[in-house]
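Structural characterization, general
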Amino acid sequence: MGRLIKTGSHLVENDDELDIKGPEEGKIYPMSGIKVDKGFYSLFELKRRYDASPKRIILDSDFQREDIWRRENKAELVESVLMGLPLPVFYFNQDKYGNLIVVDGRQRLTAMFSYMDDNYKLNNLKILSVLNGRRFSELSPVQRTQIEDFQIQAHVIMPPTPDRIKFDIFDRVNRGGMRLNRQEMRNALYQGEATRLIKRLAESEEFSNATGKAFIHENRMKDKYILTRFITFYLHQRKKLQDEKGTVYVYKDDIDEFLGIGMDTLNYMDKPEISKIEAMVLECLKRSYYYLGEDGFRLSGGERRSPINMNVFETVMNAMLYLPAEKECSKVEVSDAVHKLIDTNEFRENIGNHRDSAQRLKWRLEQAESIGRSFKVC
């Protein structure tokens, strides 16, 4: 059984995949899969990528802190650049399409790009005080060129570095602040249609009702994690996932790789496909709420109300996929069929150790489909 972790007013069960180390701790990394290059970029080149449409450098990842730098901090950074002082190393992740996601250095790049856009004046400079009060456009041509030509050094995490290794690198780089869980890191790596879809679903009334508002104060993306799992399982069952060779993806017991491929697939779907997936998830949530109420994703038994369980969530949601339209079946019969599965010792053992192995995952999804299809005619 998974651990119970208190998060505000509720508990979330089976969420150790969200931890920094996760269930793979102690697994040996294949050295051939680690690729981190050193690169030098001019501020002009990076800003050109940032201004492109679509953007080719991502600064606004959800996992990053808000823009908390004061004007004095920003001005001092500009002063350091004009003086030619080296800046601490930046860390980027490069996706397979050549886009750069900023892992460490967002505040600095945001400050420089904002100044180059004339958004603020320099102030309180101690050394180059003659420049106080000047915007970028008010600097001399030589000074503007100095800024644009300034070279920053970056360590770039390159494909095909596995996600679990990227997560470890993210953790090491960001240890100065709040340590990120795996879904927060995943959300940073796969910005785009995937993150926007998951965000809309997590904030939907249907999700709130079906989960009994359990995630109303969630700030560590556990709600987004269980939704990401369900959608990725849905895509996998329909052979929508592809490996790096372009062939149908075969699950290899690596949940981090699996969910990453799922989010990457969503990012490059067209809008009609995204809309169909969104409608499917909302319909399954409505069905679950109708047939099972707000406790449909919890394990039963015990004196206290159990937390939302991620494996129950994905099992119930998969069962709902195959049910007839809402209100066509007996609530009692559907509820009995679901609990006949999730209350068994076999199901409890399945969601214990190695619950994300290919064999155990296949068993859960097959059981869920069997429940749904048994109500083909109500």
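The coordinates are above.
In what follows, the accompanying structure is described.

**Some words on helix H6 (residues 182–189)**
Counting buried positions along H6 gives 8 out of 8 residues, so the element sits mostly inside the fold. All buried positions along H6 are accounted for by Arg182, Gln183, Glu184, Met185, Arg186, Asn187, Ala188 and Leu189. For H6, the elements touching its buried residues are strand S5 (90–94), strand S6 (100–104), helix H5 (163–173), helix H7 (193–202), helix H9 (222–237) and helix H10 (255–267). The N-cap of H6, judged by a side-chain oxygen 3.1 Å from the amide nitrogen of glutamine 183 a few residues on, is asparagine 181.

**A word on the packing of helix H11 (residues 271–292) against helix H12 (residues 310–321)**
Relative orientation of the contacting elements H11 and H12 amounts to 100°, with a least axis distance of 9 Å. Classified by the interaxial angle, the pair formed by H11 and H12 is roughly perpendicular. Listed contacts from H12 to Met280, Val281, Cys284, Leu285, Arg287, Ser288, Tyr291 and Leu292 of H11 are Phe313, Val316, Met317, Met320 and Leu321. A breakdown of the residues in the contact of H11 with H12 according to their chemical character gives 11 nonpolar, 1 polar and 1 charged.

**Things to note about the side chain of serine 114**
With respect to the helices, strands and loops of the structure, serine 114 is situated in helix H3 (residues 106–116). In contact with serine 114, not counting residues within four places along its chain, are Asn119 and Tyr120.

**Here's the deal with the nonpolar core**
Ranked by internal contacts, the top residues of the largest apolar core, which has 73 residues, are Ile231, Ile277 and Val281. For this core, the element with the highest residue contribution is H11, accounting for 9 residues. The contact partners of valine 281, leaving out residues within four places of it in the chain, are Leu201, Leu227, Phe230, Ile231 and Met317.

**Description of a nonpolar patch on the surface**
On the surface, a cluster of nonpolar side chains totalling about 260 Å² of accessible area is made up of Met83, Leu85 and Ile127. If you trace the backbone, methionine 83 turns up in the loop between helix H2 (71–82) and S5.

**Regarding the pattern of salt bridges**
Overall, the coordinates contain 26 salt bridges when judged by the stated rule. Aspartate 117 is the salt-bridge partner of lysine 47, the closest N and O atoms lying 2.7 Å from each other. Taken together, the residues span a long stretch of sequence, with lysine 47 in helix H1 (residues 43–51) and aspartate 117 in the loop between H3 and helix H4 (141–149) at a distance of 70 residues. Look at lysine 47 and you get buried, because its relative accessible area is 9%. Residue aspartate 117 is classed as partly exposed on the basis of its relative accessible area of 39%. Across the salt bridge formed by aspartate 295 and arginine 305, the nearest N and O atoms sit 2.6 Å from each other. In this pair, aspartate 295 is assigned in the loop between H11 and strand S8 (308–309) and arginine 305 in the loop between H11 and S8, connecting sequence segments 10 residues apart. Here the salt bridges share partners, and the residues they tie into one network are Arg229, Glu314, Asp356 and Arg364.

**A few points about unusual backbone geometry**
A cis geometry characterises the amide bond from serine 53 onward to proline 54, with omega recorded as 0°. For proline 54, the position within the fold is in the loop between H1 and strand S4 (57–58). Although it is not a glycine, aspartate 118 adopts a positive phi angle of roughly 70°. When you line up the elements, aspartate 118 lands in the loop between H3 and H4.

**A few points about the pairing of strand S7 (residues 151–157)**
Consecutive residues of a regular strand have side chains that alternate between opposite faces of the sheet. For S7, a buried count of 5 out of 7 residues is recorded, marking the element as mostly surrounded by other parts of the structure. Across 7 bridges, strand S3 (residues 36–42) lies against S7 in antiparallel orientation. Bridge pairing in S7 places tyrosine 41 opposite isoleucine 152. Sheet topology note: the S5/S7 ladder contains 4 bridges and is parallel. Within the sheet, the bridge partner assigned to phenylalanine 92 lies in S7 and is valine 156.

**So, the sheet that holds S3**
With mixed pairing, 5 strands are arranged side by side in an open sheet as S3-S7-S5-S6-S4. The open sheet is flanked by S3 and S4, the only strands paired with a single partner. In the packing of H1 onto the sheet, contacts are made with S3, S4, S5, S6 and S7, and the angle to S3 comes to roughly 95°.

**Focus: H11**
Between its first and last C-alpha, H11 extends 31 Å over 22 residues, near the 32 Å set by a 1.5 Å rise per residue. Along H11, the positions that sit buried rather than exposed are Ile274, Ile277, Glu278, Met280, Val281, Leu282, Cys284, Leu285, Arg287, Ser288, Tyr291 and Leu292. Check the buried side of H11 and you find it contacts H7, helix H8 (205–210), H9, H10, H12 and helix H13 (331–342). Taking the backbone nitrogen of glutamate 273 as reference, a side-chain oxygen 3.0 Å away marks aspartate 270 as the first, capping residue of H11. Two residues or fewer after H11 comes glycine 293, characterised by a positive phi angle close to 75°.

Criteria and thresholds
Residues numbered from 1 in each chain as written. Predicted model: local features only at pLDDT ≥ 70, side-chain atom pairs only at ≥ 80, totals over all residues. Heavy atoms only, no water. Buried < 20%, exposed > 50% of the residue type's maximum accessible area, 1.4 Å probe, protein only. Helix = DSSP H or I, 4+ residues; strand = E, 2+ residues; numbered from the N terminus. Contact = heavy atoms within 4.5 Å. Polar contact = N/O pair within 3.5 Å; in protein donor to acceptor, adjacent residues only side chain to side chain. Axes fitted to C-alpha atoms, helices over the stretch in contact; angles between N-to-C directions. Parallel < 35°, antiparallel > 145°, perpendicular 65-115°, else oblique. Nonpolar A, V, L, I, M, F, W, Y, C, P; charged D, E, K, R; others polar. Core = buried A, V, L, I, M, F, W, Y, C linked by side-chain atoms within 4.5 Å. Patch = residues over 30% accessible without salt bridge, like charges linked within 9 Å, V, L, I, M, F, W, Y side chains within 5 Å. Areas by Shrake-Rupley, 256 points an atom, 1.4 Å probe, with all protein chains shown as cover. Salt bridge = Lys/Arg side-chain N within 4 Å of Asp/Glu carboxyl O. Pairing = 2+ DSSP bridges. Expected span 1.5 Å × (residues − 1).

So far we have only geometry, and geometry alone does not tell us how the molecule works.
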